[in-house]
Amino acid sequence: MAYPQMVMYDEEFKQINFVIEKLLREANAKVIFLVDKNGQLISGVGETDRFDTTSLASLTAGNIAATGGLAKLIGEKEFSILFHEGEKDNLHISIVGGRVILVVIFDNRSSLGLVRLRVKKASEELTGIFDRLVRKAEEKERSGVPEFPFAEITDDDIDNLFS
Amino acid sequence: MSFINYASREINCKIVYYGPGLCGKTTNLQYVYQKTAPEAKGKMISLATETERTLFFDFLPLALGEIRGFKTRFHLYTVPGQVFYDASRKLILKGVDGVVFVADSQEERMDANIESLENLRFNLKEQGYDLDRLPYVVQYNKRDLPGVLPVEELRQELNPTGVPDFEACAATGEGVFETLKAVAKLILIDLKKGR
């Protein structure tokens, strides 16, 4: 396989949520999402109920992918920050540790400068957590611990999904 | 690349519908959307031109149910089929877990099918994937139209490796769920092996 499987464990999930909740408060943001580059939502904090998080995750990843394509065309590795300004709400999108996307939605109670500043600090913490997560998944794979939940599924389990 | 979340007990997989322009990829997703219970689906997103041709992708999230206590979610994507959108197609293949190749059964579209299939193989390779090792199914669409090629002929050209293949008419829904089920099953079997 070209890419290792993305796995999330309880411990790191809590750490991640702690960091983005802190960012939510410090940046005076409305909502914060973490999305993987393939468009899958990792976590979200704040007023998440107001948004269609699945669609948001998929479109953000599409946006990052398209901008990444543009970057390569002009000889850049990637554009690590995108900012979209709306009438009320703004979107600050940044790439964390080269592998996940941090989305901050904020309004006029905050400012771009504040968000950028806080995002920078949170990104460093998140990068550390994701590095540990990748190492942990690799170690587990190497040690061959058969904890994978799907190792023992049967054909019946699969068929039942479609019944 | 599926995403296994032990914290929320979810597993997410990405399925991409590939094929030449106007072969019915978006129609496949629209039918799945129409026929799926509201609680099992999210919003369908289509990034299309004013003439309803896919510009970037269509996206449909489906929650199929649970396996061994894990919520199983499939994210269905289509690529833009028109030849000149190749850069976008490459992006959408990133992180793919399973591929559906939708072929247009009409005789005059045979060259377009072959070109698109070669393009799929090439673009996957560029991302480090091998089509022969991915969960992969083929759908012969538009079987209801006059002037379609016999399935045997299509199979010979488009499915030399003998992956699961299905006849379909996406507009009426015939074969749509059979195709989706087949690729989803292959993905889950692949996950079972733990790769």
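Residue positions are given per chain, counted from 1 along the sequence in the order it is written. A letter from A marks each chain and a number from 1 marks each ligand, given out in the order of writing. Given that this is a predicted model, residues contribute local features only at a pLDDT of at least 70 and side-chain atom pairs are listed and counted only at 80 or more, while totals for whole chains, interfaces and linings are drawn from all residues. In computing side-chain values, all of the structure's heavy atoms are included and hydrogens and water are not.

Once that is clear, we can look at the confidence of the model for chain B. When pLDDT is averaged along chain B, the result is 94, and 99% of the positions lie at 70 or above. As scored by the predictor, the complex reaches a pTM of 0.91 and an ipTM of 0.83. Note: pLDDT gives the predictor's confidence per residue, expressed from 0 to 100.

So, on to the pairing of strand β2 (residues 31-36) of chain A. All names here are of chain A. A simple rule labels every residue: compare its accessible area, found with a 1.4 Å probe on the protein chains alone, to the largest value its type can have, and call it buried under 20%, exposed over 50%, or partly exposed in between. We count a stretch as a helix when DSSP gives it H or I for four or more residues in a row; a strand needs E for two or more, and each element gets its number in order from the N terminus. Along β2, six of the six residues are buried, which leaves the element largely enclosed by surrounding structure. Burial of β2 is two-sided: the residues V31, F33 and V35 facing one way and the residues I32, L34 and D36 facing the other way are all buried. Whether two strands pair depends on DSSP finding at least two bridges between them. Where β2 meets strand β3 (residues 41-46), five bridges bridge the pair, whose relative direction is antiparallel. Residue pairing across strands places F33 opposite G44, the latter belonging to β3. In sequence, β2 turns back onto β3 through a hairpin of four residues, with G39 there showing a positive phi of about 95°.

All names here are of chain B. The convention used is that axes are lines fitted to C-alpha atoms, helices contributing only their stretch in contact, and that angles between N-to-C directions extend from 0 to 180 degrees. Taken N-terminus to C-terminus, the directions of helix α1 (residues 25-35) and helix α5 (residues 176-192) make an angle of 95°; their axes are 10 Å apart at the nearest point. Between α1 and α5, the interaxial angle falls into the category roughly perpendicular. For the pair α1 and α5, contact is made by N28, Y31, V32 and K35 and by V176, F177 and L180, respectively. Think of it as three bins: nonpolar holds Ala, Val, Leu, Ile, Met, Phe, Trp, Tyr, Cys and Pro, charged holds Asp, Glu, Lys and Arg, and polar takes everything else, Gly as well. Split by residue class, the contact of α1 with α5 holds five nonpolar, one polar and one charged. Angle categories are assigned with fixed cut-offs, so that under 35 degrees is roughly parallel, over 145 is roughly antiparallel, 65 to 115 is roughly perpendicular, and the rest are oblique. We call two residues in contact whenever any of their non-hydrogen atoms come within 4.5 Å of each other.

Our next topic: the packing of aromatic side chains. Here the aromatic set is Phe, Tyr and Trp, taking the six-membered ring for Trp, and pairing holds for ring centres within 6.5 Å; pairs whose planes are under 30 degrees apart are stacked, those over 60 apart are edge-to-face, and all others are tilted. Across all of its chains, the model carries nine aromatic pairs over all chains by this definition. Each ring, one from F83(A) and one from F106(A), has its centre 6.1 Å from the other, and the planes form 15°; the classification is stacked. Note that F83(A) is positioned in strand β4 (residues 81-85) and F106(A) in strand β6 (residues 100-106), a separation of 23 residues in sequence. Under the relative-accessibility criterion, F83(A) is labelled partly exposed at 30%. In textbook terms, an aromatic cluster arises when at least three aromatic residues are bridged by ring pairs, as seen for F56(B), F57(B), F59(B) and Y77(B). Consider the ring centre and the ring normal. A charge sits over the ring if Lys NZ or Arg CZ is within 6 Å of that centre and within 35 degrees of that normal. The aromatic ring of Y9(A) is capped on one face by K140(A), whose charged end is 5.1 Å from the ring centroid. Stacked on the ring of Y77(B), the Lys or Arg K14(B) has its end atom at 4.7 Å from the ring centre.

Bringing a nonpolar patch on the surface into the picture now. Residues and elements named next belong to chain A. The residues that make up patches have over 30% relative accessible area and no salt bridge, and they are joined within 9 Å when like-charged or within 5 Å when they are Val, Leu, Ile, Met, Phe, Trp or Tyr. Per-residue and other accessible areas were derived by the Shrake-Rupley procedure at a 1.4 Å probe size, with only the shown protein chains allowed to occlude residues. Salt bridges are counted wherever a side-chain nitrogen of Lys or Arg sits within 4 Å of a carboxyl oxygen of Asp or Glu. A cluster of nonpolar side chains, namely L70, L73, I74 and F79, defines an oily patch on the protein surface of about 440 Å² accessible area. Among the secondary structure elements, L73 is positioned in helix α2 (residues 53-73). The class for L73 is exposed, based on a relative accessible area of 73%.

Let's shift gears to the interface of chain B and chain A. In this complex, chain B contributes 42 residues to the contact, which on the side of chain A involves 38 residues. Here the quantity called buried area is the total loss of accessible area, with a 1.4 Å probe, experienced by two parts when brought into contact, counted for both. In this assembly, chain B packs against chain A so that about 4,100 Å² is buried in total across both faces, 66% of it on carbon and sulfur atoms. The largest contributions to the chain B side of the interface with chain A come from M1(B), F3(B) and Y6(B), which together make up 18% of the buried area. If you look at where chain B meets chain A, you find one salt bridge. Of the charged contacts, one joins R68(B) and D157(A) as a salt bridge, the two residues approaching to 2.9 Å between their closest N and O atoms. Polar contact criterion, stated in full: a pair of N or O atoms within 3.5 Å, where within protein one must be able to donate a hydrogen and the other to accept it, and residues adjacent in sequence count only if both atoms are side-chain atoms. In this structure, the connection of chain B to chain A is made through four residue pairs in polar contact (both at pLDDT 80 or more). When its residues are assigned to classes, the side of chain B that touches chain A shows 24 nonpolar, nine polar and nine charged. Summarising the sheet, strand β1 (residues 6-8) of chain A and strand β1 (residues 3-5) of chain B pair through three bridges and their orientation is parallel. Note on β1(B): the bridge partner recorded for V7(A) is I4(B).

What follows deals with the environment of E178(B). All names here are of chain B. On the secondary structure map, E178 appears in helix α5. Looking at E178, the relative accessible area reads 43%, which means it is partly exposed. Separated by 39 residues in sequence, E178 and Q139 place their C-alpha atoms 9.5 Å apart.

Attention now goes to the sheet that holds β4(A). All names here are of chain A. Here we have five strands laid out as an open sheet, ordered β3-β2-β6-β5-β4, and antiparallel in their pairing. Sheet topology places β3 and β4 at the edges, where each strand pairs with a single neighbour. Strand-to-strand twist of the sheet, defined as the mean angle between neighbouring strand axes without regard to direction, takes the value 15°. Along the sheet face, helix α1 (residues 10-26) touches β2, β3 and β6 and points at about 40° away from the line of β3.

Residues and elements named next belong to chain B. Following both chains from N to C, one finds helix α2 (residues 86-93) and helix α3 (residues 110-126) inclined at 60°, their axes separated by 10 Å at the closest point. Comparing their axes, α3 and α2 come out oblique. Here the hand of the crossing between α2 and α3 comes out right-handed. Together, D86, R89, K90 and L93 of α2 and N119, L120, N123, L124 and E126 of α3 make up the contact between the two elements. Classifying every residue of the contact of α2 with α3 by side-chain character gives three nonpolar, two polar and four charged. Each crossing gets its handedness from the near helix: less than a right angle anticlockwise from the far helix is left-handed, clockwise is right-handed.

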